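Take a look at the letters that make up each chain.
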Amino acid sequence: MRIAVVGSGYVGLVAGACFADLGHDVILVDNDQQKLAALRNGQVPIHEKFLPELLSRHRAQRLTFSDDLKEAARLSSVIFVAVGTPPTESGEADLSYVESVAREISGGIDGYKVVVEKSTVPVYTSDWVRKIILRNGTDPELFDVASNPEFLREGTAVTDFLFPDRIVIGCDSDRSADVLREVYAPLTNGSYYKRSDAIPQPDRASIPPPIIVTSTKSAELIKHASNAFLAMKISFINAVASVCESVGADVNQVVHGVGTDSRIGPRFLNPGIGYGGSCFPKDVMAFRAVARECGYDFRLLDEVMRINEDQRQRFLRKVHSALWTLRGKNLGVLGLAFKGGTDDIRESPALFLVQALLQEGSKVTAYDPAAMERTQEVMSSGITFANSAYEAAHGADALLILTEWEEFANLDLNRLRQELKYPIVIDGRNLYDPEVMAAQGFTYYSIGRAAAHPDGLPAAVLKNGKKA
Ligand code: UDX
Ligand code: UDX
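Residues numbered from 1 in each chain as written. Chains lettered and ligands numbered in written order. Predicted model: local features only at pLDDT ≥ 70, side-chain atom pairs only at ≥ 80, totals over all residues. Heavy atoms only, no water.

## Thoughts on the pairing of strand β9 (residues 330-334)
Then step 1. Extensive coverage of β9 is indicated by the burial of four of its five residues.
Then step 2. Here β9 pairs with strand β10 (residues 363-367) via five bridges, running parallel. Paired with G332 across the two strands is T365, which belongs to β10.
Then step 3. Between the parallel pair β9 and β10, the chain is carried across by helix α14 (residues 349-359), and the sense of this crossover is right-handed. (Buried < 20%, exposed > 50% of the residue type's maximum accessible area, 1.4 Å probe, protein only. Helix = DSSP H or I, 4+ residues; strand = E, 2+ residues; numbered from the N terminus. Pairing = 2+ DSSP bridges. Right-handed = clockwise from strand over helix to strand, strands pointing away.)

Okay, structure coming up:
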């Protein structure tokens, strides 16, 4: 099939490269000339596993790049819209990019085409996209608007796309549903997985994935409700972690006990410094705003957001309680990205904390395997960048772990202790076992668990089942 994907950002670029890998001819459209030039030259603008392989496999063959949206629409039978939908000041999604794309697409509709929302949008957007296209003089018989939300996590976006839990297509006509079924047929009929050059299957993938066909409005809601639910799960466990801290329980043990109930499940129950990224904060706010507009006061979502913000403040208080005053302290920081496996720093809780620490007069030396360049673009002064975790720890009064990169969970603890001025680790992601850290001579603070000290006292008290 001939497919156009509008917006070559985190979502569009991954979707376009994966559609090409499924055998479709894809035109990736963007209005950012620099980005297009870089993509044409073989550069990969984002850090995403398997994306470089897919781009080099299909670039200039099944995958081309263009700034001419009208022409791309004319050449394609399906047009996916994946431009950004940033939040406005009041928390609603700004749909002006989606609107201008819809307007331009209408000029390229000269035969039946399906216009598909891939961006996360409020529930009434498909109606508006349809109205805009009609207003620009397009024959109503020549197009349908559908919704096909993505559930990609940054860092694992390619495998999330090719090995999804489910594919949701929201269509209000059989004709558009058939077109989208055909787009995903290599996944749903399993033929992609039999190919010798298929991207390797991750753990937990159940193939072939089911396809769920709904109305357009239901699909739009599925996306907002899924992200809001996952954010709620994280805020819930962060709230439970705070209770654990008050009573001396261990949140990891609680998570294990709660998460093994198959009705709840263990995933997205990791306590930490709160969720960030380009989706959860924006989507929870947008869903709250949509609900309000539709007459439902979804106050549960206010609480999800409040707990999330509070989580960062609680972490700052923890740093204070470990180090007392912060002015002039040298702090090593591991992690700047909003989560492990990505270079994305949008709404990163790690960056928020670094800024707060700098404001309090600390000196921060940070290391992140992928996000230092992007951090440098937004924070030029006050922060020093290190070449490794050990360099960040060198001479520091304490080490703070702010992003859940896998490599931060496997540090050589002996070497780390030697690098630090004081062996204090404040872990916002619970990457280590407090008993192990204490045994290795660290004072170790984490989330929802009692602090551990080199003498091992709190751990021993806990072992006896008494309160710390
Ligand atoms: C996407 C979705 O659009 C968003 O709704 C979802 O919640 C998160 O993922 P993302 O891919 O992360 O956003 O956005 P971004 O990386 O900003 O990419 C958007 C791209 O669209 C950019 O490359 C931008 O240049 C391009 N764009 C934007 C256009 O081509 N035309 C426009 O009118 C606006
Ligand atoms: C999310 C959704 O998971 C994905 O389905 C959707 O398409 C886009 O938004 P993403 O933002 O890439 O994906 O990252 P995700 O892995 O969901 O993590 C979001 C934030 O929550 C990160 O800051 C992460 O550190 C945090 N998180 C996640 C936790 O604090 N605890 C957890 O258990 C899981």
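And the narrative resumes.
## Quick look at the site of ligand 1
Then step 1. The environment of ligand 1 is formed by 20 residues, the closest being D30, K35, V83, T85 and K282.
Then step 2. Between K35 and ligand 1, the recorded distance is 2.6 Å, taken from a side-chain N or O atom to an oxygen atom.
Then step 3. Contacts to ligand 1 include S119, whose side-chain N or O atom sits 3.0 Å from an oxygen atom.
Then step 4. Isolated, ligand 1 exposes 690 Å² of accessible area, and the fraction of that covered by the protein chains is 86%.
Then step 5. Sorting the residues of the shell around ligand 1 by element identifies α1 (10-21) and α5 (96-106) as the ones contributing at least two each.
Then step 6. Across the shell around ligand 1, the residue classes tally to six nonpolar, nine polar and five charged. (Near = heavy atom within 4 Å. Polar contact = N/O pair within 3.5 Å; in protein donor to acceptor, adjacent residues only side chain to side chain. Areas by Shrake-Rupley, 256 points an atom, 1.4 Å probe, with all protein chains shown as cover. Nonpolar A, V, L, I, M, F, W, Y, C, P; charged D, E, K, R; others polar.)

## Here we look at the packing of aromatic side chains
Any aromatic ring pair is given by two values, namely how distant the centres are and how the planes are angled relative to each other.
Then step 1. If you walk through the whole model with that rule in mind, you get eleven aromatic pairs.
Then step 2. Taking 6.2 Å as the distance between ring centres and 35° as the angle between the ring planes, the aromatic pair formed by F161 and Y184 counts as tilted. On the criterion of sequence distance, the pair formed by F161 in helix α7 (residues 157-162) and Y184 in helix α8 (residues 174-188) is long-range, its members being 23 residues apart.
Then step 3. Y184 gets classed as buried once you look at its relative accessible area, which sits at 3%.
Then step 4. Through a chain of ring-to-ring contacts, three or more aromatic side chains come together here, namely F19, F80, F161 and Y184.
Then step 5. Above the face of the W128 ring, K131 is positioned so that its terminal group lies 4.3 Å from the ring centre. (Phe/Tyr/Trp six-rings, centres within 6.5 Å; stacked < 30°, edge-to-face > 60°. Lys NZ or Arg CZ within 6 Å of the ring centre and 35° of its normal.)

## As for unusual backbone geometry
Then step 1. Here the residue pair I207 and P208 is connected by a cis peptide bond, since its omega of -10° sits within 30 degrees of zero.
Then step 2. Among the structural elements, P208 can be located in the loop between α9 (191-194) and β8 (211-214).
Then step 3. Of note in this structure, F268 is not a glycine but carries a positive phi near 60°.
Then step 4. In this model, W324 sits at a positive phi of 65°, which is unusual for a non-glycine residue.
Then step 5. Along the polypeptide, W324 turns up in the loop between α13 (299-323) and β9.

## What to know about the sheet that holds strand β11 (residues 383-385)
Then step 1. Reading across the sheet, the six strands line up as β11-β10-β9-β12-β13-β14 and stay open at both edges, with parallel pairing between neighbours. Of all strands in the sheet, those bounded by a partner on one side alone are β11 and β14 (443-445). Across the sheet, the mean angle separating the axes of adjacent strands is 20° when strand polarity is ignored.
Then step 2. In the packing of α13 onto the sheet, contacts are made with β9, β12 (398-401), β13 (424-427) and β14, and the angle to β13 comes to roughly 170°. (Axes fitted to C-alpha atoms, helices over the stretch in contact; angles between N-to-C directions. Contact = heavy atoms within 4.5 Å.)

## Digging into helix α2 (residues 33-40)
Then step 1. When α2 is considered as a whole, its buried residues turn out to be L36, A38 and L39. Around the axis of α2, the buried residues are gathered within 165° of arc, so they sit on the same side.
Then step 2. Next to the buried residues of α2 lie α1, β2 (25-29), α3 (51-58) and β3 (63-66).
Then step 3. Between the side-chain oxygen of the N-cap and the backbone nitrogen of Q34 there are 3.1 Å, and the N-cap of α2 in question is D32.
Then step 4. Positive phi shows up at G42, right after α2, with a value of about 95°. (Arc of directions from axis to C-beta.)

## Examining the confidence of the model for the chain
Then step 1. On average, residues of the chain score 95 in pLDDT, and 97% of them reach the 70 mark or higher.
Then step 2. Here residues 458-468 is modelled with pLDDT under 50, and outside its nearest four sequence neighbours on either side it reaches 13 contacts, counting other chains as well. (pLDDT = per-residue confidence, 0-100.)

## With respect to the domain arrangement of the chain
Then step 1. One can read the domain layout of the chain as domain 1 (2-213), domain 2 (223-307) and domain 3 (313-467).
Then step 2. Taken together, the contact pairs 19 residues of domain 2 with 20 residues of domain 3.
Then step 3. Buried surface at the junction of domain 2 and domain 3, both sides included, amounts to about 1,500 Å², of which 56% is carbon and sulfur.
Then step 4. The three residues of domain 2 that bury the most area against domain 3 are E245, I273 and G277, which together make up 39% of that side's buried surface. (Domains from an automatic or database assignment. Buried area = accessible area lost by both parts, 1.4 Å probe.)

## A few points about the site of ligand 2
Then step 1. Around ligand 2 sit 19 residues in total, of which E154, N270, F338, E404 and R429 are the nearest.
Then step 2. Between an oxygen atom of ligand 2 and a side-chain N or O atom of K339, the distance comes to 2.9 Å.
Then step 3. E404 is positioned with one of its side-chain polar atoms (N or O) 2.7 Å from an oxygen atom of ligand 2.
Then step 4. By residue number, the principal contributor to the shell around ligand 2 is helix α10 (residues 216-247), which donates three residues.
Then step 5. Of the residues contributing to the shell around ligand 2, the split by class is nine nonpolar, three polar and seven charged.

## Here's the deal with the pairing of β2
Two faces make up the sheet, and in a regular strand the side chains alternate between them.
Then step 1. Of all five residues in β2, four are buried; the element is thus mostly enclosed.
Then step 2. Note that strand β1 (residues 2-6) and β2 share five bridges and pair parallel. Bridge pairing in β2 links V5 to L28.
Then step 3. You can see the chain leave β1, run along α1 and come back into β2, and the turn it takes is right-handed.

## Describing α13
Helical geometry: 3.6 residues make up each α-helical turn, so side chains three or four residues apart lie on a common side.
Then step 1. For α13, built from 25 residues, the straight-helix expectation of 36 Å at 1.5 Å per residue is met to within 8% by its first-to-last C-alpha distance of 37 Å.
Then step 2. W324 sits one or two positions beyond α13 and adopts a positive phi of about 65°. (Expected span 1.5 Å × (residues − 1).)

## Topic: the nonpolar core
Then step 1. Core analysis: the biggest nonpolar cluster contains 62 residues, and L416 and I426 have the highest contact counts within it.
Then step 2. Among the domains, domain 2 (223-307) and domain 3 (313-467) are the pair contributing at least three residues each to this core.
Then step 3. Sequence-distant contacts of I426, that is, excluding residues within four places in its chain, are made with F315, K318, V319, A322, L323, A398, L399, L400, I401 and Y445.
Then step 4. With 49 residues, the next largest nonpolar core counts L22, F65, A82 and A157 among its residues. (Core = buried A, V, L, I, M, F, W, Y, C linked by side-chain atoms within 4.5 Å.)

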